[in-house]
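A structural walkthrough
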Amino acid sequence: MKQVGNDFADMYLGIDTKFVRTFLDLFRKPEAVILGYMNGRRVNYMDAMRYLLLALFLTGIYTFVLKNTGAFDQILASQQEAYSQMNYSPEQMEMTNKFNDEFGKYAFDFQGFFLLLTIPFLALIARITFWGKRYFNFTEQMVFYMYAYGHSVIVTTPFTILTVLIFPQAVMYVGFVGFPLLIIYVIYCYKRCFKLNNQSIILKALISVIVSITLMIVAGIILGILGILIGLVLKATGVV
């Protein structure tokens, strides 16, 4: 336990630890952290996986706070009020509330798992967008998002937890602020890593939007086909 305590203090506590240097330099010079890790210079900064695991730990705290302070119920109540103002019928209200209740609980319980799934999806989009030898390959894109996406989670989650504790009704709107900030930060990191000009950044951003929409449509079609096939198999075997 003494060794564990020393390792923890060396990694996270104090003003000159690997975590503090990684956290600050991902703001000031993200290329030093990301490219340094890819090039084998890993003494001064936390490795990508450990930084992402810290982000997962914070999402676990957020989920715990959300479920044990009654904030989740308040979010559902706020949504129901919004649907009422949109003149939803009683049947629509019932179906929507039931879906939000079930899906919300499921999403929060597996929030960390969804975060892990997001990394390869974003890496795939980025690999297609930044195609060519001068850009990152798929594995390097994974490392990029372990740092960039993990950093965004580490920065925004404490503010989200404070919002839950102070003004829980506003939690449902936090994502509308956090998502644009994530996009801006990712663009900033790519610009620093690849030394892109503003014209290239705009072009790559447009390409990434097209790639994202295309991949989501393809994924939706594949899932729909799989759903139909599974339904036919279950029906043929008499399960349903």
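A few points on the structure. (Residues numbered from 1 in each chain as written. Predicted model: local features only at pLDDT ≥ 70, side-chain atom pairs only at ≥ 80, totals over all residues. Heavy atoms only, no water.)

1. Some details on the overall build of the protein
A count of helical and extended segments in the protein gives 10 helices and zero strands. Moving toward the C terminus, one meets the helices and strands of the protein in the order α-α-α-α-α-α-α-α-α-α. Here the protein has roughly 15,100 Å² of accessible surface; of this, 69% comes from carbon and sulfur atoms. (Helix = DSSP H or I, 4+ residues; strand = E, 2+ residues; numbered from the N terminus. Areas by Shrake-Rupley, 256 points an atom, 1.4 Å probe, with all protein chains shown as cover.)

2. Section: the packing of helix α2 (residues 18-28) against helix α3 (residues 30-38)
The geometry of α2 relative to α3 is characterised by a closest axis approach of 5 Å and an angle of 115° between their N-to-C directions. The angle between the axes of α2 and α3 places the two elements in the roughly perpendicular class. Touching T22, D25, L26, F27 and R28 of α2 are P30, V33 and I34, all from α3. The residue inventory of the contact of α2 with α3, partitioned by class, reads five nonpolar, one polar and two charged. (Axes fitted to C-alpha atoms, helices over the stretch in contact; angles between N-to-C directions. Parallel < 35°, antiparallel > 145°, perpendicular 65-115°, else oblique. Contact = heavy atoms within 4.5 Å. Nonpolar A, V, L, I, M, F, W, Y, C, P; charged D, E, K, R; others polar.)

3. Notes on the nonpolar core
Core analysis: the largest hydrophobic core is formed by 40 residues, its most contacted members being I34, F144, Y145, Y147, Y190 and F194. If you list the elements that add at least two residues to this core, you get α2, α3, α4 (48-68), α7 (111-129), α8 (138-166) and α9 (171-194). Considering every element that reaches this core, the biggest residue donor is α8, with nine residues. Discounting residues that sit within four places of it in the chain, Y145 has contacts with I119, L122, A123, A126, G150, V186 and Y190. With five residues, the next largest nonpolar core counts Y62, V65, L66 and I161 among its residues. (Core = buried A, V, L, I, M, F, W, Y, C linked by side-chain atoms within 4.5 Å. Buried < 20%, exposed > 50% of the residue type's maximum accessible area, 1.4 Å probe, protein only.)

4. Quick word on the packing of aromatic side chains
For the structure shown, the criterion picks out 16 aromatic pairs. Both rings, one in F19 and one in F23, keep their centres 5.8 Å apart while their planes meet at 35°; by these two values the pair is tilted. Taken together, the residues span about one helical turn, with F19 and F23 both in helix α2 at a distance of four residues. For F19, a relative accessible area of 18% gives the class buried. Classification of F23 as partly exposed rests on a relative accessible area of 22%. Arranged with centres 6.2 Å apart and planes meeting at 40°, the rings of Y185 and Y188 form a pair that is tilted. Here Y185 and its partner Y188 are both found in helix α9, three residues apart, which amounts to about one turn of the helix. (Phe/Tyr/Trp six-rings, centres within 6.5 Å; stacked < 30°, edge-to-face > 60°.)

5. What to know about the side chain of H151
The topology assignment puts H151 in helix α8. If sequence neighbours within four positions are ignored, H151 has contacts with F23, L26, F27, Y51, M146 and Y185.

6. Points about the environment of L52
Following the sequence through the fold, L52 ends up in helix α4. When the C-alpha atoms of L52 and V143 are compared, they prove to be 9.7 Å apart, with 91 residues separating the residues in sequence. Apart from the residues lying within four places of it in its own chain, the contact partners of L52 are L115, L116, I119, M146 and G150.

7. Let's talk about α3
The α-helix advances 3.6 residues per turn, and as a result positions three or four apart in sequence lie on the same side. Of all nine residues in α3, seven are buried; the element is thus mostly enclosed. Taken as a whole, α3 has its buried residues at P30, E31, V33, I34, G36, Y37 and M38. At the C-terminal side of α3, G40 shows a positive phi close to 90°.

8. Digging into the pattern of salt bridges
Inspection of every chain in the model, using the stated rule, returns three salt bridges. Note that R28 and D25 form a salt bridge whose closest N and O atoms lie 2.5 Å from each other. With R28 and D25 both in helix α2, this residue pair falls three residues apart, about one helical turn. By relative accessible area, R28 is classed as exposed at 53%. When its relative accessible area of 5% is taken as the criterion, D25 is described as buried. (Salt bridge = Lys/Arg side-chain N within 4 Å of Asp/Glu carboxyl O.)

9. Observations regarding empty space enclosed by the protein
For the coordinates displayed, the defined rule picks out one cavity of 30 Å³ or more. As a volume, the largest cavity reaches approximately 30 Å³. Lining of the largest cavity is provided by V33, Y37, R41, R42, Y45, M46, D47 and Y147. A breakdown of the residues in the lining of the largest cavity according to their chemical character gives five nonpolar, no polar and three charged. (1 Å grid on protein atoms, 1.4 Å probe; cavity = no way out; pocket = protein on both sides within 12 Å on 5 of 7 lines; lining within 4 Å. Points joined across faces, edges and corners; volume = space filled by probe spheres on them.)

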